[in-house]
Structures are given as C-alpha cells and as structure tokens.
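A look at the structure
The primary structure of each chain is shown beneath.
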Amino acid sequence: MDGITELARYIKNSDNPSPYTPMFGTIISLPELKIRLGSWTLLYADDIRATFDIYDKTYDSEGRFVGYTYLGKEVVLLPYSEDNKFIVIGVVQ
C-alpha cells in the first residue's frame, strides 16, 4: 500500500464518528412526542425508546395537572439502528 492510500484511509476513518455515538436532543412536544436532534431532524414516538418515563407529569399541591416534567429538556440519545432509531438514556440536568 502506498503512502497516499494509507493517508486517505486514515483520514476517512478519523472523520467518521462511530454510528453509536451518544447525541443530544431537545423534547419539543408532549404528549405527541417530538425530539429535535440538531437543527432540522425531528424524531417521533416511533423512533424512540426510553430508559425512563418521558411522559412523566407534574401536578400542583392540589393535584391538578401542571405540565410534563421533561418538556423542553435536553436529553441524551443513543442510536441503536441504521434507521434513525434511538434510546433516550437520560436527561441533561
């Protein structure tokens, strides 16, 4: 293998992150789940599995529904498929 080919392979391998690198997204809609990943990508309920209850609700002291606990929160996503499927593994505090 000549030096140019070896250099090209090195650059290609170092420029491509692992397909299973954690990513960050923001929950922008609940109960119709939508997570924004980057500037343009939207993920929906069919694309997501979670390690916690994303739909967790918050209530006031009198037991009235106030909102969703994680709405607007940044979450950590781990891809598990080549078809834009993700596991939500946590919330960024």
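Residues numbered from 1 in each chain as written. Predicted model: local features only at pLDDT ≥ 70, side-chain atom pairs only at ≥ 80, totals over all residues. Heavy atoms only, no water.

A few points about a nonpolar patch on the surface
What counts is decided by this rule: Patches were defined on residues exceeding 30% relative accessible area and lacking a salt bridge, with like-charge contacts within 9 Å and nonpolar side-chain contacts (Val, Leu, Ile, Met, Phe, Trp, Tyr) within 5 Å. Exposure was quantified through the Shrake-Rupley algorithm and a 1.4 Å probe, taking into account, for residues, occlusion by the shown protein chains and nothing else. A pairing counts as a salt bridge when a side-chain nitrogen of Lys or Arg comes within 4 Å of a carboxyl oxygen of Asp or Glu. Think of it this way: any DSSP run of H or I at least four residues long counts as a helix, any run of E at least two long counts as a strand, and we number them from the N terminus. Only protein chains enter the accessibility calculation, which uses a 1.4 Å probe; a residue is then buried when its area is under 20% of its type maximum, exposed when over 50%, and partly exposed in between.
A cluster of nonpolar side chains, Ile28, Leu42 and Tyr44, forms an exposed patch at the surface whose accessible area comes to about 240 Å². Tracing the backbone through its elements, the reader meets tyrosine 44 in strand E3 (residues 41-44). Given a relative accessible area of 38%, tyrosine 44 falls into the partly exposed group.

Looking at the packing of aromatic side chains
What counts, and what does not: When the centres of two rings from Phe, Tyr and Trp lie within 6.5 Å, Trp using its six-membered ring, the rings pair. Their planes under 30 degrees apart give stacked, over 60 give edge-to-face, and anything left gives tilted. Here, a charge over a ring means that NZ of Lys or CZ of Arg falls within 6 Å of the ring centre while also lying within 35 degrees of the ring normal.
One pass over the full model with this rule turns up three aromatic pairs. Ring geometry for phenylalanine 52 versus tyrosine 70: centroids 5.1 Å apart, planes at 65°, classification edge-to-face. Linking phenylalanine 52 in the loop between strand E4 (48-50) and strand E5 (57-59) with tyrosine 70 in the loop between strand E6 (65-68) and strand E7 (74-79), this pair joins segments that are 18 residues apart in sequence. Between phenylalanine 65 and tyrosine 68, the aromatic rings sit 5.3 Å apart at their centres with planes inclined by 75°, giving edge-to-face as the arrangement. Phenylalanine 65 sits in the partly exposed class, given a relative accessible area of 44%. Taken together, Tyr59, Phe65 and Tyr68 form an aromatic cluster joined through their ring pairs. We note lysine 57 situated over the ring of phenylalanine 65; from NZ or CZ to the ring centre the distance is 5.8 Å.

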